[in-house]
Amino acid sequence: MEGGSVSSDEHPHGGRGSPFAPHTAAETTAMLDAVGVESEDHLFDIPETIEFDGSFDIEPRSERAIREEIATMLDRNHELVEFLGRGHYDHYVPSAVDHLADRSEFLTSYTQYQPEVAQGFLQALFEYQSMLVELTGLEVANCSMYDAATALGEAATLAVRVRATSGDRVLVPEHLHDGRRAVLDSYLAGTDAGVDSYPMDDGIVDRDALAETVDEDCVMIYAENPTVRGTIEERLGEIGELADDHDALFCLGSDPVALSLLEEPASVGADVVVGDAALGLGAADGMGLGLFATREAFLRQVPGRLVGTGEDSEGRRAYTLTLQTREQHIRRERATSNICTNQAWVALRAAMHVAWLGPDGLVDLAKESVTRASEVADRLDTIDGVTAPVHDRHHFREVVARTDREASALKDALETEGYAIHAIDDHLVQVCVTETNADCVDDLVAAVEAVA
Amino acid sequence: MKFDQARWTRETPEEGGEVYEPLLAEKSSRAVETDDAPLPDDLTRDGIELPDPAEPELARHYTRLSQMNYGVENGPFPLGSCTMKYNPAFTEDVAALPAAATHPDRSTDSVQGNLELRHRLADSLARIGGMDAVTLQPPAGAAGEFTGILIAKAYHEQRGNDRNEIIIPESAHGTNFASAALAGYGVVSLPSADDGRVDVDALEAAVSDDTAALMLTNPNTLGLFERDIEAIADIVHDSGGLLYYDGANLNALLGRARPGDMGFDVMHYNVHKTFATPHGGGGPGAGPVGVVEELAPYLPTPQVRETDADEPDDGEAASDDASYERFEPEHSIGKVHGFAGNWLVLVKTYAYIARLGNPGLRDTSAKAVLNANYLASQIDYDIPFEPFHHEFVASADRDAADVAKRMLDYGVHPPTTKWPEIVDEALMTEPTEAESRAALDHLARAFDRAAADDDEALETAPERTAARRIDQADAARNPRLSWHALDDE
């Protein structure tokens, strides 16, 4: 269409305008004839005043050139050993997950609007929901939200709906990831509800202070286990009771690794569980998978998609998207949520990852998350000028340490040595250990010794 | 061509019945206790029961499930408004580069590569949309709508304007209504004119001092270009409202017209529709949002910009060495994602746009519109509204859902059914540029064969798919949403 002949080096599309439109010139001509127009330009019904000349000043490149270009760009990222967590975790993803999830029937399919021809994905999502039901002890899990923060936002809007007559306060812990707090505020922007925080005591919920904060206006209390600082909560059941006493929902934030070992949400009175999967994808610059599970009582208020079983005309069990009358394409402005496209493929990956680990593998990973955190705290504590852990609590995956040196300066100095940690306050740093960086703890400790 | 989808069945020994590929938990399930945990007993659960397949079993299970699933690489997938096109393989490889796997809390200095890619992608999207600034944070199209409406809301509030309504054409995507409501707005539904386009008189009557924005896609869901878009923009702007562009149909316009030039103030891009990043059976997508300069201060935080580095003398050299920083826009709405959105999807988007460049982007719309018009010319169905661009809505003249089920037997994914409701028994069809003439002919035969089949064949279809017709009403009446629910029966 651009006309003229160019060498294959100059023209990366082999003569086609787009490398992904299969038409030969002869086919295009024949198709235009069939339609009855002279050229493609005549197919467009756009007023002249707003026609665009087509030039974005974006040069097409060959596949090989783009690989090089992106690799060169990404090579500007420094190679650092990351001891970073705070809601985004790098657990080792087995090769089987990459290869099986990359099968094109999964990767290139759409939402399962025709269930008879999408049984595979529907079953995989049903299995994902089932794993979340087992992990949380709650009866209903949806088949994904974007990430932990958006799942928390949806939990809060659910609480506002089901407790509308009660009030308009959502309570969150003082130690909360900035991104989760900011997204929660965004999701509540369209309601009358506001967010207040309650204090922590040595890294976990200050139950007595929470009891003073909570009142009859409260529609939801949110807590996390483990917390953003990696501490394990010790009085979750009491938080559940507080919420119950005030007719508020108890929303618990967690992840599948922690859920396999720590107190079962249903047993501590949780009404909603949200979080990020932390499995299925490694470090991906914050890309994640939002978990959402709740009690059957709130089934009609659940945001997002649900897969259920039904029977086909041969009497066999089959799977289908269900209860779609809650969803935006049917209920429009009265829908439980605006979510449509979610993170289905990441949910598939997470389910594969859990299945690959099996119950022993998953629980072992959780146990190691406790022992590794405790070990790294012990190691850091031996360093002059460093006290770890700051909180006299049990830990999961990560710990906070106090440093004599200013935390941000220590963090920067470590980065020049090739290590990334969080600086979370003037003299507080946070370190996260998983199976992907456990081998480098000795090196990290040596580096901290050198710069602390 | 004859189609039979793989179907795996197995007898269940207990009941003597038969199921399709059993659940993992039905194959091998194991309960473990957690009493030897390095924690006090009162902080741990008692135990957990999960599937426990060996890797070969796992591989077979998911391979079988994949065979019972239909994707773009299996055949035509003309879901109207969903834009299912071929997803190039190489974009998966670039997104899997180890250097792309970074933690979101990395320092600005240590992830210059990521920031450069983000900056370049935002710049390309801005040029494609005719916008001045773009955020990559929204993780899906609906999240982009929500972001755009929050931006409009912040803009009005900053000016002390108390506006509480969003106007949306009745034919719009359902997410428009839901996103507006989520942001706290009342929704005013706008009827279509007889020609399927926005009724300009009705719009005149609907706008007021309460109008925060009009949400519109162009071409609309009937594939029709809103030819009065400039008048529509004037009406909305004169009322003090903003014009929002739903990018779901941008594939039809690439290189032909730009939302910014039409008068739109804010728009979202569906990268999984326009820029061929795989939809993954329901995500992840990404829904970048573009705005005009006046709205840039309201974008989510962080944004990425080029720093005023020590520019070399000749202005041209610097891009290889440019450095980038994150910043918070002056009146930022805050955040719509816990971190910075669906990064790996954005890498694929960048690669796809780079592969196409100007000629490819422009040819995309040409071939998408040609394919829709060619397919329509080859089928024997009533198509009440034209001239359409990339998609058309045919009327089935019998139950569109039955026609769709029958089309499955002919080896194609059917169109979107029964929507938009403006057309009776609608089959909303979008073949995209990725289909060859031969594939379109095959698709046309599927349409016409389904039309010619008798009622019984339609009502009992499909017969060649992994499962036969599923009773969805029963599934909704009696929800069983996990394998635990099956155990309870």
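The structure under discussion appears in the preceding block.
Description of the structure in this document. Not measured: the values here are computed from a predicted model.

Our focus in this paragraph is the overall build of chain B. Within chain B, the secondary structure is distributed over 16 helices and 16 strands. In terms of overall size, chain B behaves like a compact globule, its C-alpha atoms giving a radius of gyration of 25 Å where 489 residues would be expected to give roughly 23 Å. In terms of its C-alpha atoms, chain B occupies a principal-axis envelope of roughly 75 × 70 × 45 Å. Split into buried and exposed, the 489 residues of chain B put 65% on the buried side. Nonlocal contacts in chain B, meaning residues at least 24 apart in sequence, comprise 70% of its contacts between residues at least 6 apart. Only carbon and sulfur atoms are counted for the fraction: they give 41% of the accessible area of chain B, which is about 16400 Å². Taken as two groups, the 40 positive and 87 negative side-chain charges of chain B have centres that lie 7 Å from each other.

Turning to the sheet that holds strand S16 (residues 426–429) of chain B, a few remarks are in order. Residues and elements named next belong to chain B. The strand order across the open sheet built from 3 strands is S14-S16-S15, with neighbouring strands paired in antiparallel fashion. In this open sheet, the two strands that pair with only one neighbour each are strand S14 (392–395) and strand S15 (416–417). Relative to S16, S14 runs antiparallel, the two sharing 4 bridges. If you follow Ser395 over to S16, its bridge partner there is Ala426.

Let's shift gears to the packing of aromatic side chains. In the structure shown here, the tally under the stated rule is 14 aromatic pairs over all chains. An angle of 40° between the planes, with centres 6.4 Å apart, marks the rings of Phe83(A) and Tyr419(A) as tilted. You can see Phe83(A) sitting in the loop between strand S1 (81–82) and helix H3 (95–101) and its partner Tyr419(A) sitting in strand S15 (residues 419–420), a full 336 residues away along the chain. The exposure class assigned to Phe83(A) is buried, which follows from its relative accessible area of 0%. Since its relative accessible area comes to 11%, Tyr419(A) is described here as buried. Taking the centre distance of 5.6 Å and the plane angle of 90° together, the rings of Phe106(A) and Phe121(A) count as edge-to-face. On the criterion of sequence distance, the pair formed by Phe106(A) in helix H4 (residues 104–107) and Phe121(A) in helix H5 (residues 119–136) is long-range, its members being 15 residues apart. Members of the aromatic cluster, connected to one another through ring pairs, are Phe20(A), Tyr86(B) and Tyr352(B). Directly above the aromatic system of Trp345(A) lies the positively charged group of Arg349(A), at a separation of 5.0 Å from the ring centroid.

A few words now on the environment of Ile149(B). All names here are of chain B. Of note, Ile149 is situated in helix H5 (residues 141–158). Its relative accessible area of 0% is what places Ile149 among the buried residues. When the C-alpha atoms of Ile149 and Gly184 are compared, they prove to be 9.6 Å apart, with 35 residues separating the residues in sequence.

Moving on to the pairing of strand S11 (residues 306–311) of chain A. Residue and element names in this part refer to chain A. Within S11, 5 of the 6 residues are buried, which leaves it mostly tucked inside the rest of the structure. Bridge analysis of S11 against strand S12 (residues 317–322) gives 6 bridges, and the strand direction is antiparallel. Paired with Val307 across the bridge in S12 is Leu321. If you look at the hairpin formed by S11 and S12, you'll find 5 residues sitting between the two strands, and Gly315 has a positive phi there, around 85°.

Glancing now at the nonpolar core. Of all hydrophobic cores here, the largest spans 259 residues; its most connected members are Met220(A), Tyr62(B), Leu203(B) and Phe275(B). Looking at this core element by element, the count peaks at 18 residues for helix H11 (residues 343–378) of chain B. For Leu203(B), the contacting residues outside a window of four places in its chain are Ile167(B), Leu190(B), Val198(B), Leu214(B), Ile232(B), Ile235(B) and Val236(B).

Opposite the 173 residues of chain A that make contact, chain B presents 198 residues. At the boundary of chain A with chain B, total buried surface from both sides reaches about 15800 Å², with 61% on carbon and sulfur atoms. The shortest N-O distance in the salt bridge between Asp41(A) and Arg256(B) comes to 2.8 Å. At the surface where chain A touches chain B, the tally comes to 97 residue pairs in polar contact (both at pLDDT 80 or more). If you tally residues by element for the side of chain A that touches chain B, the top one is helix H12 (residues 344–381) of chain A, at 17 residues.

On to the packing of helix H13 (residues 407–417) of chain A against helix H14 (residues 441–451) of chain A, then. Residues and elements named next belong to chain A. Where H13 meets H14, the closest approach of the two axes is 10 Å, and the angle between their N-to-C directions is 125°. Judged on the interaxial angle alone, H14 and H13 are oblique. Two packed elements cross with a definite hand, and for H13 against H14 that hand is right-handed. Residues Leu410, Ala413, Leu414 and Glu417 of H13 touch H14, and the partners they reach there are Leu444, Ala447, Val448 and Val451. Across the contact of H13 with H14, the residue classes tally to 7 nonpolar, no polar and 1 charged.

All right, on to unusual backbone geometry then. Excluding glycine, residues mostly have negative phi values, and the peptide bonds linking residues are mostly trans. Residue Pro284(B) follows Gly283(B) across a cis peptide bond; omega there is 10°. Cis peptide bonds are those with omega within 30 degrees of zero, and the linkage from Thr301(B) to Pro302(B) qualifies with -5°. For Pro302(B), the location among the structural elements is in the loop between strand S11 (289–291) and strand S12 (303–306). The residue Ser144(A) is not glycine, and still its phi comes out positive at about 125°.

It helps to recall that an α-helix has 3.6 residues per turn; residues three or four apart then point in one direction. Residue and element names in this part refer to chain A. Among the residues of H13, those classed as buried are Ala407, Leu410, Lys411, Ala413, Leu414 and Glu415. Contacts made by the buried residues of H13 are with strand S14 (398–403), S15, strand S16 (422–425), strand S17 (428–432) and H14. Where H13 ends, the next residue or the one after it, Gly418, has phi of about 100°, a positive value.

Moving on to H14(A). All of the buried residues in H14(A) are Val441(A), Leu444(A), Val445(A), Ala447(A), Val448(A) and Val451(A). Burial along H14(A) is one-sided: seen end-on, the buried residues are contained in an arc of 165°.

Turning our attention to the packing of H5(B) against helix H6 (residues 174–182) of chain B. Residue and element names in this part refer to chain B. Contact geometry of H5 with H6 gives a least axis separation of 9 Å together with a crossing angle of 45°. When the axis of H5 is compared with that of H6, the two are oblique. Here H5 and H6 pass one another in a crossing that is right-handed. Each of Ala142, Glu145 and Phe146 in H5 lies in contact with H6, whose residues at this interface are Thr175, Asn176, Ser179 and Leu182.

Turning our eyes to something else, we now look at the pattern of salt bridges. Going through the model one piece at a time under the given rule, you end up with 59 salt bridges over all chains. With a shortest N-O distance of 3.3 Å, Arg197(B) and Asp45(A) are connected by a salt bridge. Linking Arg197(B) in the loop between strand S7 (186–190) and helix H7 (200–206) with Asp45(A) in the loop between helix H1 (25–35) and helix H2 (63–74), this pair reaches from one chain into another. In this structure, Arg197(B) engages Asp195(B) in a salt bridge whose closest nitrogen and oxygen atoms are separated by 3.6 Å. Its relative accessible area of 5% is what places Arg197(B) among the buried residues. Taken together, the salt bridges that share partners define one network made up of Arg61(A), Glu69(A), Arg76(A), Glu116(B) and Arg120(B).

What counts as what
- Residues numbered from 1 in each chain as written.
- Chains lettered and ligands numbered in written order.
- Predicted model: local features only at pLDDT ≥ 70, side-chain atom pairs only at ≥ 80, totals over all residues.
- Heavy atoms only, no water.
- Helix = DSSP H or I, 4+ residues; strand = E, 2+ residues; numbered from the N terminus.
- Rg over C-alpha atoms; globule rule 2.2 N^0.38 Å.
- Buried < 20%, exposed > 50% of the residue type's maximum accessible area, 1.4 Å probe, protein only.
- Contact = heavy atoms within 4.5 Å.
- Areas by Shrake-Rupley, 256 points an atom, 1.4 Å probe, with all protein chains shown as cover.
- Lys, Arg positive; Asp, Glu negative; His and termini not counted.
- Charge placed at Lys NZ, Arg CZ, Asp CG, Glu CD.
- Pairing = 2+ DSSP bridges.
- Phe/Tyr/Trp six-rings, centres within 6.5 Å; stacked < 30°, edge-to-face > 60°.
- Lys NZ or Arg CZ within 6 Å of the ring centre and 35° of its normal.
- Core = buried A, V, L, I, M, F, W, Y, C linked by side-chain atoms within 4.5 Å.
- Buried area = accessible area lost by both parts, 1.4 Å probe.
- Salt bridge = Lys/Arg side-chain N within 4 Å of Asp/Glu carboxyl O.
- Polar contact = N/O pair within 3.5 Å; in protein donor to acceptor, adjacent residues only side chain to side chain.
- Axes fitted to C-alpha atoms, helices over the stretch in contact; angles between N-to-C directions.
- Parallel < 35°, antiparallel > 145°, perpendicular 65-115°, else oblique.
- Left-handed = near helix turned anticlockwise from the far one by under 90°.
- Nonpolar A, V, L, I, M, F, W, Y, C, P; charged D, E, K, R; others polar.
- Arc of directions from axis to C-beta.

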